[in-house]
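Structural overview for review
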Amino acid sequence: MKTEDTISAIATALGTAGVGIIRMSGENSIAIAEKIFDRPLQTAPDRKIIFGHIKNPAGEIVDEVLILIMRAPKSYTRENVVEIQCHGGVEVLREILSLTFKAGARPAERGEFTKRAFLNGRLDLSQAQAVLDVIQAKTATALSVAQNQLAGKTSKKIRAIRTEILNVLAHIEALIDFPEDDIDDAVTSELDAKILAQIDAVKIFLANQRSGRILREGLETAIIGKPNVGKSSLLNFLAETDRAIVTDIPGTTRDSIEEFVNIRGVPLKIIDTAGIRSSDNPVEQIGIERAKDCAGRAELILALFDSSREISAEDLEILRLIEGRSAIILLTKADLTQVIDTARFENFIAISVKTGAGVEKFLDTIAEKAGAVNAEMNFVRDEREADLLRRAVENLEEARATLSKNIGIDFVAIDLRAALELLSELTGESVTEDVINEIFSKFCIGK
Ligand code: GDP
């Protein structure tokens, strides 16, 4: 696919920073940059820093900048790419961006740079999506997984599976010319074993789907309990255990800031931290309503009960709320004299954020509930990928069934081809434009 437009966007986060980068990609990007720069660029060397000034049409200096030219095909998008490094102020960046538009570029759509990298064959679909994962990684483990995927590890595994299936297919096609009863049982069982091995390989990806999602998006966790049980103390404690990551979600108020805490490599996405942190506010004291709301959204519930006090009606209501849910019961303030009747709880961890008692066991339990995660695992990224793989497994199972029924080896070939087609959608060798657009719309502008 040929992309003629030259696109331009601010590639760095918009805020006050030392340096900001505007990136352009497309055939005319060098000519466009030259129009707003005070030195010639068309003849300038590739991949060398060029110092100069950006000027507006009135000839006034907008900023002192460094320009980097990466000519096609040796660039991120495989097109001509120009990066303008200017000062990192919002106004400077906006001004230069708008000058690039006036000079002939158009605003880049979400993920359009990476989309071009994909369409021009620089990255496959799995790698392109990994770019997003690298940017958004919330723990070191999540980052390693994303880097592995970006390096093509996932694609390589999927291709290896395809190659194996292709080998089986080639074998079958060689057999098609023979009458069925000439295919001896040894050959049939050899083919069957080869197909089965690929089914198992695909199933590993599917088995790790939940872990993969948790690594990327975080395990949605609610901390609930009546006022004063120690919710905000626990949150602060967890945040200090490992640097808390706070993300501003565009278009929302600060109330819905998402906070991540990293537990043994597992990112926990804590629901409604604002509600917890403002618990000294009388309005927030209506603990049960908040608990219901949070628990409803959570995949893991941390239910807190104050061990230094008698159990209350509110506590009982919270116990009912977590029935049948994935929850960890924490009896807080274990450093104080225990008053609560522990017989009320089946499984609990006594914990104190003052002394650290019970904390190790608590962290282990969380990691256990999240399931094993490590950078070497193979994951599917999302439902789209999972669906493709599940259907591929179905086709492969079908192929085995057909093979065992001995109703014609050419029917086995049909099933194998269907599985191959699904696997190539995963790496993007065969994928529709709608799917591509859907995938890249999740990116941010400038990536
Ligand atoms: P929240 O209303 O549930 O968020 O509760 P807070 O975290 O604000 O804690 C209420 C009170 O309990 C505060 O005075 C905390 O210092 C105290 N507290 C919390 N955790 C512990 C603990 O482990 N030991 C002791 N002794 N006090 C705690």
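Computed from a prediction, not measured in an experiment: that's the story for all the values here.

Within the protein, the secondary structure is distributed over 16 helices and 13 strands. Relative to the 2.2 N^0.38 estimate, which gives 22 Å for 447 residues, the radius of gyration of the protein is 28 Å and therefore markedly larger than a compact globule would have. Residue burial in the protein is summarised as follows: out of 447 residues, 47% are buried. Of the contacts made within the protein by residues no fewer than 6 positions apart, 67% connect residues no fewer than 24 positions apart. By element, 51% of the accessible surface of the protein is carried by carbon and sulfur atoms, the whole surface being about 21400 Å². One finds the centroid of the 55 positive side-chain charges in the protein at a distance of 5 Å from the centroid of its 70 negative side-chain charges.

Bringing the confidence of the model for the protein into the picture now. Here the protein averages 86 in pLDDT, and 91% of its residues register 70 or above. Below a pLDDT of 50 lies the segment residues 243-256, which in the model reaches 19 contacts outside its immediate sequence neighbourhood of four places, other chains included.

Tallied over the entire structure, the rule returns four cavities of 30 Å³ or more. In this model, the largest cavity occupies a volume close to 90 Å³. Lining the largest cavity we find Asp 133, Gln 136, Ala 137, Ala 142, Val 145, Ala 146, Gln 149, Gly 212, Leu 215, Arg 216 and Phe 379. Secondary-structure elements contributing two or more residues to the lining of the largest cavity are helix 4 (125-136), helix 5 (140-150) and helix 8 (209-217).

Moving on, we get to the nonpolar core. Formed by 33 residues in total, the largest nonpolar core has its most connected members in Ile 223, Leu 234, Leu 268, Leu 302, Ile 328, Leu 330 and Phe 362. A per-element tally of this core places helix 13 (residues 359-370) first, with five residues. When near neighbours in sequence (up to four residues on either side) are disregarded, Ile 328 contacts Leu 300, Ile 301, Leu 302, Ala 303, Ile 349, Phe 362, Thr 365, Ile 366 and Lys 369. The next biggest cluster of nonpolar side chains, apart from the first, holds 32 residues, and it includes Leu 191, Val 202, Leu 416 and Leu 420.

This paragraph deals with the site of the ligand. Near the ligand there are 15 residues, and of these Asn 228, Lys 231, Ser 232, Ser 233 and Asp 335 occur at the shortest range. In the model, an oxygen atom of the ligand is placed 3.3 Å from a nitrogen or oxygen of the Val 229 main chain. Lys 231 places a main-chain nitrogen or oxygen 2.8 Å from an oxygen atom of the ligand. When grouped by side-chain class, the residues that make up the shell around the ligand number four nonpolar, six polar and five charged.

On to the sheet that holds strand 1 (residues 7-10), then. On the basis of which strands lie adjacent, the open sheet formed by six strands has the order 3-4-5-2-1-6 and mixed pairing. The open sheet has two edge strands with one neighbour each: strand 3 (49-55) and strand 6 (106-107). Sheet analysis places strand 4 (residues 61-70) next to strand 5 (residues 81-88), joined by five bridges and oriented antiparallel. Bridge pairing in strand 5 links Ile 67 to Ile 84.

Next up on the list: the packing of aromatic side chains. Evaluated as defined, the whole model comprises three aromatic pairs. Geometrically, the ring pair formed by Phe 305 and Phe 345 is tilted, given 5.0 Å between the ring centres and 50° between the ring planes. On the criterion of sequence distance, the pair formed by Phe 305 in strand 11 (residues 300-306) and Phe 345 in the loop between strand 12 (327-332) and strand 13 (349-350) is long-range, its members being 40 residues apart. Here Phe 305 and Phe 345 have matching classes, each one buried. Overall, Phe 345 belongs to the buried group, its relative accessible area being 5%. Ring-pair connections join several aromatic residues into one group, and the members of that group are Phe 305, Phe 345 and Phe 348. Across from the ring centre of Phe 113, 4.4 Å away, lies the NZ or CZ of Arg 23, which sits over that ring. Note that Lys 138 overlies the ring of Phe 260, its terminal NZ or CZ placed 4.8 Å from the centroid.

Attention shifts here to the packing of helix 6 (residues 153-175) against helix 7 (residues 185-207). Two numbers describe how helix 6 lies on helix 7: the axes approach to 11 Å, and their chain directions differ by 160°. When the axis of helix 6 is compared with that of helix 7, the two are roughly antiparallel. Helix 7 is crossed by helix 6, and the crossing has left-handed handedness. Residue-level inspection shows Thr 154, Lys 157, Ile 158, Ile 161, Glu 164, Ile 165, Val 168, His 171, Ile 172 and Leu 175 of helix 6 in contact with helix 7, the latter providing Val 187, Glu 190, Leu 191, Lys 194, Ile 195, Gln 198, Ala 201, Val 202 and Phe 205. Here the contact of helix 6 with helix 7 is built from residues that sort into 12 nonpolar, three polar and four charged.

Conventions adopted
- Residues numbered from 1 in each chain as written.
- Predicted model: local features only at pLDDT ≥ 70, side-chain atom pairs only at ≥ 80, totals over all residues.
- Heavy atoms only, no water.
- Helix = DSSP H or I, 4+ residues; strand = E, 2+ residues; numbered from the N terminus.
- Rg over C-alpha atoms; globule rule 2.2 N^0.38 Å.
- Buried < 20%, exposed > 50% of the residue type's maximum accessible area, 1.4 Å probe, protein only.
- Contact = heavy atoms within 4.5 Å.
- Areas by Shrake-Rupley, 256 points an atom, 1.4 Å probe, with all protein chains shown as cover.
- Lys, Arg positive; Asp, Glu negative; His and termini not counted.
- Charge placed at Lys NZ, Arg CZ, Asp CG, Glu CD.
- pLDDT = per-residue confidence, 0-100.
- 1 Å grid on protein atoms, 1.4 Å probe; cavity = no way out; pocket = protein on both sides within 12 Å on 5 of 7 lines; lining within 4 Å.
- Points joined across faces, edges and corners; volume = space filled by probe spheres on them.
- Core = buried A, V, L, I, M, F, W, Y, C linked by side-chain atoms within 4.5 Å.
- Near = heavy atom within 4 Å.
- Polar contact = N/O pair within 3.5 Å; in protein donor to acceptor, adjacent residues only side chain to side chain.
- Nonpolar A, V, L, I, M, F, W, Y, C, P; charged D, E, K, R; others polar.
- Pairing = 2+ DSSP bridges.
- Phe/Tyr/Trp six-rings, centres within 6.5 Å; stacked < 30°, edge-to-face > 60°.
- Lys NZ or Arg CZ within 6 Å of the ring centre and 35° of its normal.
- Axes fitted to C-alpha atoms, helices over the stretch in contact; angles between N-to-C directions.
- Parallel < 35°, antiparallel > 145°, perpendicular 65-115°, else oblique.
- Left-handed = near helix turned anticlockwise from the far one by under 90°.

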